Amino acid sequence: MAVAKHGAEATGVATGARVRSGVRVGRTYLAKTIMTAALVAALLLGLGAVLVGFGANPHNVLVSGLTRAGNWLAGPFGDLFTFADHTKQVLVDWVIAAVAYLAVGGVLSRLIRP
């Protein structure tokens, strides 16, 4: 025989369901934000690598901004491998950094998402 829930007990159940739903939505948004940040970082590194690889004018405002952002994002991965050619050095460092950001962002996103 089923007993209907009344009053405070029914309200508590409904409130708990709303809280769980809110937490689920929050975790989903956080996971999407982390993955979006990783994608933006990889996109900046990739675009900067293309510009450096093709020998874009380093005095251009757009190129210098992307190069500064790329150097900052790839900082922890700098000189992982060393090459005599600066362009090759930048390309390798930035590609490794982009792949690392995507991998870590993907793993964190999967762990957080409900």
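Procedures and definitions
Residues numbered from 1 in each chain as written. Predicted model: local features only at pLDDT ≥ 70, side-chain atom pairs only at ≥ 80, totals over all residues. Heavy atoms only, no water. Helix = DSSP H or I, 4+ residues; strand = E, 2+ residues; numbered from the N terminus. Contact = heavy atoms within 4.5 Å. Areas by Shrake-Rupley, 256 points an atom, 1.4 Å probe, with all protein chains shown as cover. Buried < 20%, exposed > 50% of the residue type's maximum accessible area, 1.4 Å probe, protein only. Expected span 1.5 Å × (residues − 1). Core = buried A, V, L, I, M, F, W, Y, C linked by side-chain atoms within 4.5 Å. 1 Å grid on protein atoms, 1.4 Å probe; cavity = no way out; pocket = protein on both sides within 12 Å on 5 of 7 lines; lining within 4 Å. Points joined across faces, edges and corners; volume = space filled by probe spheres on them. Nonpolar A, V, L, I, M, F, W, Y, C, P; charged D, E, K, R; others polar.

Visitor: Please set out the overall build of the protein residue by residue, giving values where relevant.
Guide: Tallying secondary structure elements over the protein gives three helices and zero strands in all. The secondary structure elements of the protein, listed N-terminal to C-terminal, are α-α-α. Taking as baseline every contact in the protein between residues at least 6 positions apart, the subset at least 24 positions apart corresponds to 62%. Here the protein has roughly 7900 Å² of accessible surface; of this, 69% comes from carbon and sulfur atoms.

Visitor: Lay out the environment of P58 in plain terms, naming residues and giving numbers.
Guide: Mapped onto the elements of the fold, P58 is located in the loop between α1 (7–53) and α2 (61–73). The exposed category is assigned to P58, whose relative accessible area is 56%. Leave out the neighbours within four places in its chain, and P58 touches V63 and S64.

Visitor: An account of helix α3 (residues 86–112) is requested, with residue identities and associated values reported.
Guide: Taking 1.5 Å as the rise per residue, α3 with 27 residues should run 39 Å; its terminal C-alpha atoms sit 38 Å apart, in good agreement. Among the residues of α3, Q89, V90, D93, W94, A97, A98, G105 and S109 are the ones counted as buried.

Visitor: Talk me through the nonpolar core; I want residue IDs and the actual numbers.
Guide: Core analysis: the largest hydrophobic core is formed by eleven residues, namely A41, A42, L45, A49, V52, L73, A74, V90, W94, A97 and A98. Put simply, the parts of the chain that give this core at least two residues each are α1 and α3. It is α1 that provides the largest number of residues to this core, a total of five residues. With residues near it in sequence (within four places) discarded, A97 still touches L45, L73, A74 and F77.

Visitor: Requested: an account of the layout of surface pockets, with residues and values cited.
Guide: Looking at the largest pocket, its volume works out to about 180 Å³. What lines the largest pocket is L51, V52, G55, A56, P58, V63, S64, T67, N71, H86, T87 and V90. Residue contributions to the lining of the largest pocket peak at four residues, all from α2. Tallied by class, the residues present in the lining of the largest pocket amount to six nonpolar, six polar and no charged.

Everything listed here is a matter of geometry and, on its own, says nothing about what the molecule does.
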